[in-house]
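Each chain is listed here by its residues.
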Amino acid sequence: MRMIKSIVLCISCFVVSCTSKEKEVKKASEVITEIPAAPFKYWTWITADTTRSKEEYKAEFKKYRVNGIDAVLINTLANPEVLKKLTPLATKEGLEVHAWMFTMNRPDDAIALQHPEWYAVSKEGNSCFDTRPYIDYYQWLCPTRKESRDHILRLVENLAKVEGITSVHLDYIRYSDIFLPIGLLPKYNLKQDTELPEFDFCYCDVCIRTFQKIHHKNPKESVNTAVDIEWKQFRLTQIKKVVDEAYEIVHRYNKKLTAAVFPYPEMADHMVRQRWDKWNLDEVLPMIYHNFYNEEVDWIGFATRQGVKDLIGKQTKLHTGIYLPPMSTGDVTKAIQLAKDNGAAGISFYDGNAITEEQFEAIKTSKK
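Residues numbered from 1 in each chain as written. Predicted model: local features only at pLDDT ≥ 70, side-chain atom pairs only at ≥ 80, totals over all residues. Heavy atoms only, no water.

Student: Quick question: what am I supposed to make of the pairing of strand β5 (residues 256-261) here?
Tutor: One face of the sheet, then the other: side chains in a regular strand alternate in exactly this way. Counting buried residues along β5, five of its six residues qualify, which places the element largely inside the surrounding structure. In terms of strand pairing, strand β4 (residues 167-171) meets β5 through four bridges, oriented parallel. Counterpart to His 169 in the pairing with β5 is Thr 258. Of the strand pairs in this sheet, β5 and strand β6 (residues 283-286) are connected by four bridges, and their pairing is parallel. Residue Ala 259 lies in a different strand from β6, and its bridge partner there is Val 284. (Buried < 20%, exposed > 50% of the residue type's maximum accessible area, 1.4 Å probe, protein only. Helix = DSSP H or I, 4+ residues; strand = E, 2+ residues; numbered from the N terminus. Pairing = 2+ DSSP bridges.)

Student: Would you explain the pattern of salt bridges in this entry?
Tutor: Close approach of charged atoms allows side chains with opposite charge to pair. Summed over the entire model, instances satisfying the criterion amount to 25 salt bridges. Where Lys 367 meets Asp 70, a salt bridge forms, and the shortest distance between an N and an O atom there is 2.8 Å. On the criterion of sequence distance, the pair formed by Lys 367 in helix α11 (residues 357-367) and Asp 70 in the loop between α2 (54-66) and β2 (71-75) is long-range, its members being 297 residues apart. Judged by relative accessible area, Asp 70 falls into the partly exposed class, the value being 24%. Several salt bridges converge on common partners, so that one network encompasses Lys 232, Glu 266, Asp 269, Arg 275 and Asp 277. (Salt bridge = Lys/Arg side-chain N within 4 Å of Asp/Glu carboxyl O.)

Student: I tried to follow the side chain of Gln 359 on my own but got confused; where do I start?
Tutor: Here Gln 359 is to be found in helix α11. In terms of polar contacts, Gln 359 uses its side chain to reach the backbone carbonyl oxygen of Leu 324, at 3.3 Å. What Gln 359 contacts, discounting residues up to four positions off in sequence, is Leu 324, Met 327, Thr 329, Val 332 and Ala 354. (Polar contact = N/O pair within 3.5 Å; in protein donor to acceptor, adjacent residues only side chain to side chain. Contact = heavy atoms within 4.5 Å.)

Student: Would you mind going over the packing of aromatic side chains with me for this structure?
Tutor: For any pair of aromatic rings, the description consists of the separation of the ring centres together with the inter-plane angle of the planes. Evaluated as defined, the whole model comprises 26 aromatic pairs. When the centroid spacing of 4.1 Å and the interplanar angle of 5 degrees are considered together, the rings of Tyr 134 and Phe 199 count as stacked. Taken together, the positions of Tyr 134 in the loop between β3 (96-102) and α4 (146-160) and Phe 199 in the loop between α5 (185-188) and α6 (205-215) put the pair 65 residues apart, joining distant regions of the chain. Here Tyr 134 matches Phe 199 in class, with each residue buried. Here the basic side chain of Lys 340 rests over the ring of Phe 40, its NZ or CZ set 5.3 Å away from the ring centre. (Phe/Tyr/Trp six-rings, centres within 6.5 Å; stacked < 30°, edge-to-face > 60°. Lys NZ or Arg CZ within 6 Å of the ring centre and 35° of its normal.)

Student: Explanation requested: α11 in the structure shown.
Tutor: Helical geometry note: an α-helix holds 3.6 residues per turn, so side chains three or four residues apart project in the same direction. When we look at burial in α11, the residues that qualify are Gln 359, Phe 360, Ala 362, Ile 363 and Ser 366. One side of α11 holds all its buried residues, which, seen down the axis, span an arc of 160 degrees. Seen from the open side of α11, the exposed residues pointing more than 90 degrees away from its buried face are Glu 357 and Glu 358. Against β1 (41-47), α2, α10 (329-341) and β8 (346-350) lie the buried residues of α11. (Arc of directions from axis to C-beta.)

Student: How should the packing of α4 against helix α7 (residues 229-252) be read in this particular structure?
Tutor: Relative placement of two packed helices is described by the angle separating their axes and the distance separating the axes. Axis separation between α4 and α7 bottoms out at 9 Å; the angle between their running directions is 30 degrees. Judged on the interaxial angle alone, α7 and α4 are roughly parallel. Along this stretch, α4 crosses α7, giving a crossing that reads as right-handed. In contact with Arg 149, Ile 152, Leu 153, Val 156, Glu 157 and Ala 160 of α4, α7 contributes Val 242, Glu 245, Ala 246, Ile 249, Val 250 and Arg 252. Here the contact of α4 with α7 is composed, by residue class, of eight nonpolar, no polar and four charged. (Axes fitted to C-alpha atoms, helices over the stretch in contact; angles between N-to-C directions. Parallel < 35°, antiparallel > 145°, perpendicular 65-115°, else oblique. Left-handed = near helix turned anticlockwise from the far one by under 90°. Nonpolar A, V, L, I, M, F, W, Y, C, P; charged D, E, K, R; others polar.)

Honestly, that's just the spatial picture; any functional story needs more than this.
Okay, here's the thing in structure tokens:
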């Protein structure tokens, strides 16, 4: 009888214990669900102009804040001294500051130009040092060569040291376009149905030698490099290495790493050897410029959703980037809603100086 009582007592204790634990789990669950979501963030890209005065910049930053912008990505040509002057002006207005830099594409980089061997080489054998694909400001560095990579990472570190910035923002963090957006092809009088050798990078000696050590073959001898998956993966990996090293650097200075990328990972992979869902990033801003691709505004929602899905399981937040100049206020409002509805954490506008008063009103209204 005493044993039966003991068993009953144990069962009672077990039930009470389970009930108590269920209450604790329920309580913890309730606490978690009560954490508010981060506010939808509004960004804009701008380029610094050293001829402008402090007062002009104060007015510009104030205009952004009162019209709903939360963060500015400032291109100072990777000059930390210019960034040091502008950052306190923007932060005083309540704006986040992100140090926007051209990464693999380094037009008119005075240091890089002293080292012709640093530049990416096309399948045709032409170097970006003196033969630029598409347009004159395309001066791409090789991501595999240690010296060119170290140069880029020094620029990243110098920007990361600037007090008051939130992140270093990598742009042109890729190879040159193997395929241009379809809407831009007429501008260059081009037809791109296949991978053309003059736009296929990088075939420099260091890239070829490094690849051969791993795969024991030379891509220059391939019948069709477009279907050589190892060669494609090798180049995706070289860009990822630059990003991941940059991530380690900026985090040592308690900054974030953000990046401007092509619309969604599969598309970026195909067009510019850029698989950004595999990178170590805090926030990513895909440039979903629908008009560049002859797409309708609805495509902004589609591309946003694709990127969000590919980032599932990662901590990286996605902020949709849109190109403003051709957009009506109605389209701006729709684009913002499409970004929100498809899982974006924010939206960025290119560029700040192009935002009209009517578009500002649409942005401000959407925040309400």
